[in-house]
Amino acid sequence: ELKGIVFVIQSQSNSFHSKRAEDLKRDILKQAVDLGKELPTVLLIHQIDRHEGAWTILPLMTDFSITYGRNTSWIFFCEEDTRIQVVKLLETLRRFDKSKEWFLGKALYDEESTIIHHYAFAENPTVFKFPDFAAGWALSIPLVNKLAKKLKSEPLKSDFTIDLKHEIALYIWQKGEGPHLTPVPEFCTDDVNSYKADHCATTFSNFLPLCGEPVNKEDVFVAVKTCRKFHGDRIPVVKQTWEREAALIEYYSDYADISIPTIDLGIPNTDRGHCGKTFAILERFWNRTSPKTPWLVVVDDDTLISIFRLRKLLSCYDPNEPVFLGERYGYGLGTGGYSYITGGGGMVFSRTAVQKLLASKCRCYSMDAPDDMVLGMCFSGLGIPITHSPLFHQARPMDYPKDYLSHQIPVSFHKHWNIDPVKVYFTWLAPNSEESRNGKKVGYNREDL
């Protein structure tokens, strides 16, 4: 029965995202009413509690077990853009014995071992399957109860959350003792209007969000972090690819090179983190750019980014809110900890966020501290949640499952290792004429890179 399913939407507190999640919740409840069914429970992650790590799911298992462990059958997780056909979802879940431990989803796998998964299953990474959250995924209550029991005896370790879908699957798998992911063909990421979607219980609206006109070119100030040793090889790639998309761009280095030109911030280059440099960039943005420039993007010199697509994405965010946007990682979230935006994929700040941060006096504990993690700590201390977008990427296209990227219009990738970065840009990120005209998803010739 429908009341035996608890729906958990991976929502965020930013106004744009919370509205999308509320819309999905309303749609699920409306379908239940139309079916004449008792209303199911629909939870929004950002409302569940104030625990910073709620988005990592596992810390919530104990609460799920206590609250729903006796009177429900399934916990079904989805993203705010997942679309659910409730009747088909019920039909699909009925195929599985709810008294057994089930981990259901659309299976992804690595074609080669990758740094973002700590090179797991290096001999044959294709053997390990993990769920595409966009398609939705489900845990039976017996498995939820088992995970809650395990978490009680072995609390989560305080380390990094990098790719949640892979890490949850590893935790459930328990080195082979727990259930593997069972692939469910009805959990789909096809577009709802696709002819393939007829058999699907879930679909995914897979376009780049556009909430009105893209923000103006002059509304986005781009800061590129570089240093003297990379002026010769990394900066030419930026100039051959995405620099032309940026109206306002400055290169910050430890050496003033007039040919680029770079600006020497007076902060020596470090081999570890770049906290001192990043905070100097934030101060400079606040003090030296027009107060009418609402957005700052800070990228590395080996970040490949589509400013064209970013301007579309930013049309959905209110720059009067303190927005700190990019790809979300976590540190120590099992025991408090904090979330942060990983720097390589690009960090986007609203001017309001920069103002609140600089007014707070939260600063680097050392000049070579990791800038992205310090920023995460600062915003966490200010009670300003970071905003996650899966369209920013800390790694290269080849580091992600092809099927995962197939329903994305990416905004960024990072690193030049063993790839032709110019080719990656023009294959994955460069705006083409059709996209420029109507903003629709188009077919790209994405050969293996």
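Residues numbered from 1 in each chain as written. Predicted model: local features only at pLDDT ≥ 70, side-chain atom pairs only at ≥ 80, totals over all residues. Heavy atoms only, no water.

1. Quick notes on the state of the cysteines
- Taken as a whole, this structure holds four disulfides when the rule is applied.
- Through a disulfide, Cys188 is tied to Cys200; the S-S separation comes to 2.1 Å. What sets the handedness of the Cys188 and Cys200 disulfide is the S-S torsion sign, and at about -95° it is left-handed. Taken together, the residues Cys188 in the loop between strand 10 (182-183) and strand 11 (202-204) and Cys200 in the loop between strand 10 and strand 11 connect sequence positions twelve residues apart. For the pair shown, Cys188 and Cys200 are each scored as buried.
- In the protein, the cysteines engaged in disulfides, taken in order along the sequence, are linked 1-2, 3-5, 4-7, 6-8.
- The cysteine Cys78 is free of any disulfide, with Cys188 supplying the nearest cysteine sulfur at 14 Å.
- Looking at Cys78, the relative accessible area reads 1%, which means it is buried.
- With no disulfide of its own, Cys227 lies 17 Å from the sulfur of Cys275, the closest cysteine sulfur. (Disulfide = S-S within 2.5 Å. Helix = DSSP H or I, 4+ residues; strand = E, 2+ residues; numbered from the N terminus. Buried < 20%, exposed > 50% of the residue type's maximum accessible area, 1.4 Å probe, protein only.)

2. Quick word on the UniProt feature "domain: Fringe-like glycosyltransferase" (unreviewed entry) in the protein
- Per the UniProt record, "domain: Fringe-like glycosyltransferase" (unreviewed entry) is annotated on residues 67-152 and 214-424.
- Structurally, residues 67-152 is divided into 27% helix and 23% strand, and its ends, taken at the C-alpha atoms, are 16 Å apart. (UniProt positions renumbered as here; feature names shortened; annotations may be inferred.)

3. So, the pairing of strand 13 (residues 248-253)
- Strand direction decides the pairing type here: strand 12 (residues 220-225) and strand 13, joined by five bridges, are parallel. Paired with Val224 across the strands is Tyr251, a residue of strand 13.
- Viewed along the sheet, the connection from strand 12 through helix 7 (residues 235-240) into strand 13 turns out right-handed. (Pairing = 2+ DSSP bridges. Right-handed = clockwise from strand over helix to strand, strands pointing away.)

4. Here we look at the packing of aromatic side chains
- The final tally for this structure, using the stated rule, is 23 aromatic pairs.
- Measuring from ring centre to ring centre gives 5.3 Å for Phe16 and Tyr317, while their planes differ by 70°; the resulting arrangement is edge-to-face. Placement of Phe16 in helix 1 (residues 15-34) and of Tyr317 in the loop between helix 9 (307-314) and strand 17 (324-326) is noted, with a sequence separation of 301 residues between them. In this structure, Phe16 and Tyr317 share a single accessibility class: buried.
- Aromatic side chains Tyr400 and Phe413 sit 6.4 Å apart centroid to centroid with 55° between the ring planes, which places their arrangement in the tilted category. Pair noted here: Tyr400 is in the loop between strand 21 (387-388) and helix 12 (402-405) and Phe413 is in strand 22 (residues 412-414), with a separation of 13 residues, a long-range link.
- Accessibility expressed as a relative area gives 10% for Tyr400, which makes it buried.
- Assessed through its relative accessible area of 1%, Phe413 is described here as buried.
- Positioned above the aromatic ring of Phe230, the side-chain terminus of Arg234 is 3.5 Å from the ring centre. (Phe/Tyr/Trp six-rings, centres within 6.5 Å; stacked < 30°, edge-to-face > 60°. Lys NZ or Arg CZ within 6 Å of the ring centre and 35° of its normal.)

5. Notes on the sheet that holds strand 9 (residues 160-161)
- Here three strands make up an open sheet; going across it, the order is 9-18-19 and the pairing antiparallel. The open sheet is flanked by strand 9 and strand 19 (338-341), the only strands paired with a single partner.

6. Re the nonpolar core
- One finds Met61, Phe64, Leu139 and Leu310 to be the most contacted residues of the largest nonpolar core, which totals 83 residues.
- The biggest single contributor to this core is helix 6 (residues 164-173), with six residues.
- Counting contributing residues, this core receives three or more from each of domain 1 (2-204) and domain 2 (217-438).
- If we ignore the near neighbours within four places in the chain, the residues touching Met61 are Phe77, Leu139, Val144, Leu147, Ala148 and Leu151.
- In this structure, Ala223, Val298, Phe379 and Ile384 belong to the second largest nonpolar core, which totals 28 residues. (Core = buried A, V, L, I, M, F, W, Y, C linked by side-chain atoms within 4.5 Å. Domains from an automatic or database assignment. Contact = heavy atoms within 4.5 Å.)

7. Quick word on the pattern of salt bridges
- Applying the stated rule across the entire model yields 23 salt bridges.
- Put simply, Asp23 and Arg26 hold a salt bridge, and the shortest N to O gap is 2.5 Å. Residue Asp23 and its partner Arg26 are both found in helix 1; the two are separated by three residues, about one turn of the helix.
- The partly exposed category is assigned to Asp23, whose relative accessible area is 30%.
- Through salt bridges with shared partners, a single network forms among Lys19, Asp23 and Arg26. (Salt bridge = Lys/Arg side-chain N within 4 Å of Asp/Glu carboxyl O.)

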